[in-house]
Amino acid sequence: MQEEHIEDLNDIMKVRRQKLAKLQEMQVNAFAYAFERDHTAQQVIDDFEALQEKPVAIAGRIMSLRSMGKAAFGHIMDASSRIQIYVRQDQVGDAAFEVFNLVDIGDIVGIKGTVHKTRAGEITIFAQQFVLLTKNLRPLPVVKERIEDGQKVTYDAFADTELRYRQRYVDLIVNKNVRDTFVMRSKVVTAMRRYLDGKGYLEVETPVLQPIYGGAAARPFTTHHNALDMTLYLRIADELYLKRLIVGGFEGVYEISKDFRNEGIDRSHNPEFTMMELYVAYEDYSFMMNLVEEMINTICQDVLGSSKVMYQGGELDFTPPWPRLRLFDAIQKYAGVDLYGKSRDELRSAAKSLHIEIESFWDSGKILDEIVKEKVEPHLIQPTFLCDYPVELSPLAKRHRDDPKLVERFESFVAGREISNAFSELNDPIDQRGRFEQQMAMKEAGDDEAQMLDEDFLKALEYGMPPTAGLGMGIDRLVMLLTDSPSIRDVILFPTMRPEML
RNA sequence: GAAGGUGUAGCUCAGCCGGUAGAGCAGCGGCCUUUUAAGCCGUGGGUCGUGGGUUCGAUUCCCGCCACCUUCACCA
């Protein structure tokens, strides 16, 4: 709405504008500059005994109103909590009460008054002064709750997922559990930083715009730099830059940042998502397994006070150690076939007998990957490490010390979803070049997710990268687990949406 | 990208085997100075997602389109 035509607004919005005009006539600033408060709602509730009868100043958004002529009850909400207010004409004065009569649910107000408990036993601020701080011009969904048979019943919840995602600000105002989820998300990231910083690792920032994308198998977003007249890609992983830093002499570096993958959107995928990558010199993937289970458990303890969490009706237990299952043993266990050392054709027929569809250009690694996805991953509910992957699947991982067909790689699974991926990093530049070349061949063959050859990265390896363990961890998915969220969109404040058609 | 589902008032929903729509809350007016889904009385509000088609007549039936949800594909 570029130009505003009041006749286009609905009745409720028209009335709000009229009230605004009335306030202006009364010389009331409906968009105040500041309000000096000395308590939050939660502080008043927590310190009720000490604050009883004492004056407090609080501010917040009106969430309910029950007017009784010359007095009214309502609830105001600030970031901490919700608290009842009681406004009486004979206390706040005629002028302020006249303003109060123009207040709607959704307005932001400041209250100075004394702390009491009502007859019904609810902590309430009896207003002595009332100030309008911000006039609301758009009706807010009014969610009501009632206790029935000890159960909290919610009426008229703001529940339309599309509206909730498109207008997350409304979702946050109205749905407390949504606020809680994002507070929890912040705590998870803070706890992770605290853990990694405590180990002495250095948090760094590497390029989002990359001339050559790498470090994962995915299609990128492509963009263009005008001044340089060149194509740039939004990163799909941080890996190759972080390893350059290990070459440079840092011995532990991590980055928490957005990665971008030009793939489909579903309950566990968003085109931009948050990843933590960590590289530690002189260590291998066994070290990293220990670190992952310790780190996740520490985060759980920090933010939930427990190693156990309920997720979608089932209990997850993050207490270390987590089971470690070799990939081919897992296939044996869940698919009932031994696929170790099998040729591409043998894998192909195995896939067929397991009713798994495969593409003609897939190599043996890709076919195996598909079988694992279908037959193994759904079984990995409790935290589990799947380790020792075939070399074809992992062009950046070091060959297994006991078996050249495998690499020293693991992925951790929880609730059937991958939450981390790690390996002993390949630091032999000759081997690395060969693996890149194999990827290029796959790209030729039609695999548009095969990785690009990065000459500068190879050059860095030629200078010598110490033995290094590397890890990537999906933050969004971790937060989903710890907040019992079924969709990644529930843990991303503004998930990717198609633009609304106007 | 495919299939299925959904789209009706600010919010949550009902309804219509074709005759231009209802409820609760929110709103507006009135009464009410301890209420809390406040209450009581009265009352306004909708191009029924969008564009076509069939029909005397479409919110309802048919087709296209858009958005969202679910499952699948791709992927983490």
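What counts and how
Residues numbered from 1 in each chain as written. Chains lettered and ligands numbered in written order. Predicted model: local features only at pLDDT ≥ 70, side-chain atom pairs only at ≥ 80, totals over all residues. Heavy atoms only, no water. Buried < 20%, exposed > 50% of the residue type's maximum accessible area, 1.4 Å probe, protein only. Helix = DSSP H or I, 4+ residues; strand = E, 2+ residues; numbered from the N terminus. Arc of directions from axis to C-beta. Contact = heavy atoms within 4.5 Å. Near = heavy atom within 4 Å. Polar contact = N/O pair within 3.5 Å; in protein donor to acceptor, adjacent residues only side chain to side chain. Nonpolar A, V, L, I, M, F, W, Y, C, P; charged D, E, K, R; others polar. Axes fitted to C-alpha atoms, helices over the stretch in contact; angles between N-to-C directions. Parallel < 35°, antiparallel > 145°, perpendicular 65-115°, else oblique. Left-handed = near helix turned anticlockwise from the far one by under 90°. Pairing = 2+ DSSP bridges. Expected span 1.5 Å × (residues − 1). Phe/Tyr/Trp six-rings, centres within 6.5 Å; stacked < 30°, edge-to-face > 60°. Salt bridge = Lys/Arg side-chain N within 4 Å of Asp/Glu carboxyl O. Core = buried A, V, L, I, M, F, W, Y, C linked by side-chain atoms within 4.5 Å.

**Student:** Can you walk me through helix α15 (residues 455-463) in this structure?
**Tutor:** Owing to its 3.6 residues per turn, the α-helix aligns residues three or four sequence positions apart on the same side. Listed as buried for α15 are F457, L458, A460 and L461. Along the axis of α15, the buried positions cluster into a sector of 155 degrees, meaning they face one direction only. Along α15, exposed side chains directed more than 90 degrees from the buried face belong to E462 and Y463. On its buried face, α15 is in contact with α9 (239-247) and α14 (429-444).

**Student:** Honestly, the protein's contact with RNA strand B in this entry has me stumped. Any pointers?
**Tutor:** In the region of RNA strand B, 62 residues are neighbours, and K144, E162, H269, R477 and R489 sit closest. A share of 60% is what sugar and phosphate atoms reach among the atoms of RNA strand B within 4 Å of the protein. The separation between a phosphate oxygen of RNA strand B and a polar main-chain atom of M68 is 3.3 Å. Within the side chain of R498, one N or O atom sits 2.8 Å away from a phosphate oxygen of RNA strand B. Looking at the surface near RNA strand B element by element, the count peaks at five residues for helix α6 (residues 161-166). Of the residues contributing to the surface near RNA strand B, the split by class is 22 nonpolar, eleven polar and 29 charged.

**Student:** Looking at this structure, how should I read the packing of helix α8 (residues 176-198) against helix α16 (residues 475-482)?
**Tutor:** To describe two helices that pack against each other, one gives the angle between their axes and the distance between the axes. Remark: α8 packs on α16, axes separated minimally by 10 Å, with the N-to-C direction vectors making an angle of 120 degrees. Accordingly, the angle class assigned to the pair α8 and α16 is oblique. Crossing geometry of α8 relative to α16 is assigned as right-handed. Residue-level inspection shows M184, R185, V188, V189 and M192 of α8 in contact with α16, the latter providing I475, D476, L478, V479 and L482. For the contact of α8 with α16, the residue count by class is eight nonpolar, no polar and two charged.

**Student:** Help me out: how do you make sense of the pairing of strand β12 (residues 252-260) in this one?
**Tutor:** Along any regular strand, the residues point their side chains to alternate faces of the sheet. Most of β12 sits inside the fold, with eight of its nine residues counted as buried. As paired strands, strand β8 (residues 202-203) and β12 are joined by two bridges and run parallel to one another. Pairing of E203 across the sheet is with Y254, part of β12. Where β12 lies against strand β13 (residues 272-281), nine bridges are found, and the strand directions are antiparallel. By the bridge assignment for β13, S257 is matched with M275.

**Student:** What is the right way to look at the side chain of E425 in this model?
**Tutor:** Assignment of secondary structure puts E425 in the loop between β20 (417-424) and α14. When near neighbours in sequence (up to four residues on either side) are disregarded, E425 contacts E239, K243, Y279, L396, K398, M465, T468, A469 and G470.

**Student:** Help me understand α14 in this model?
**Tutor:** Here α14 spans 22 Å end to end across 16 residues, near enough to the 22 Å set by a 1.5 Å rise per residue. Among all positions of α14, only P429, D431, Q432, R435, F436, Q439 and M442 are buried. What you see down the axis of α14 is that its buried residues fit within an arc of 155 degrees, all on one side. Those residues of α14 that are exposed and angled more than 90 degrees off the buried face are I430 and E444. Of the surrounding secondary structure, the elements contacted by the buried residues of α14 are β18 (399-400), β19 (403-414) and α15. Between the side-chain oxygen of the N-cap and the backbone nitrogen of I430 there are 2.9 Å, and the N-cap of α14 in question is D428. Residue G446 follows α14 closely and has a positive phi angle near 120 degrees.

**Student:** Can you walk me through the sheet that holds strand β9 (residues 209-210) in this structure?
**Tutor:** Backbone hydrogen bonds are what pair the strands of a sheet, in a parallel or an antiparallel way. Taken together, three strands build an open sheet; the order of strands is β9-β11-β10 and the sheet is antiparallel. Only two strands of the sheet have a single neighbouring strand rather than two, namely β9 and β10 (222-225). Two elements, β10 and strand β11 (residues 230-234), share four bridges in a ladder whose sense is antiparallel. Looking across to β11, one finds that H224 is bridged to T231.

**Student:** What am I meant to see in the packing of aromatic side chains here?
**Tutor:** By convention here, two paired aromatic rings are described through the distance between centres and the angle between planes. Here the structure, examined in full by the defined rule, presents ten aromatic pairs. Taken together, a centroid distance of 4.3 Å and an interplanar angle of 15 degrees make the contact between F73 and Y86 stacked. Linking F73 in strand β2 (residues 71-77) with Y86 in strand β3 (residues 82-88), this pair joins segments that are 13 residues apart in sequence. Overall, Y86 belongs to the buried group, its relative accessible area being 14%. Between F436 and F457, the aromatic rings sit 6.4 Å apart at their centres with planes inclined by 75 degrees, giving edge-to-face as the arrangement. One end of the pair, F436, is in helix α14; the other, F457, is in helix α15, with 21 residues separating them in the sequence. Accessibility expressed as a relative area gives 1% for F457, which makes it buried. Ring pairing ties together the aromatic residues F318, W322, F385 and F410, which thus form one cluster.

**Student:** So what exactly am I meant to see when it comes to the pattern of salt bridges here?
**Tutor:** In total, this model carries 32 salt bridges according to the counting rule given. One salt bridge connects D104 with R16, and the closest N-O pair in it is separated by 3.3 Å. Here R16 lies in helix α1 (residues 11-25) and D104 lies in the loop between α5 (94-100) and β4 (108-117), a separation of 88 residues in the sequence. D104 sits in the buried class, given a relative accessible area of 9%. For R16, a relative accessible area of 9% puts it in the buried group. The partner of R194 in a salt bridge is D302, with the nearest N and O atoms 2.8 Å apart. Taken together, the residues R194 in helix α8 and D302 in helix α10 (residues 285-304) connect sequence positions 108 residues apart.

**Student:** What should I look at first to understand the nonpolar core in this one?
**Tutor:** A general trend in soluble globular proteins is that nonpolar side chains are found buried together. Grouped together as the largest cluster of nonpolar side chains are 46 residues, with contacts concentrated most on M276, L278, M295 and F318. Of all the elements, α10 adds the most residues to this core, at ten residues. Those residues in contact with M276, other than ones at most four positions away along the chain, are M192, L196, Y254, E255, I256, M295, L471, G472, M473 and I475. Counting residues in each nonpolar core, the second largest holds 40 residues, with L327, A350, L406 and F436 among its members.

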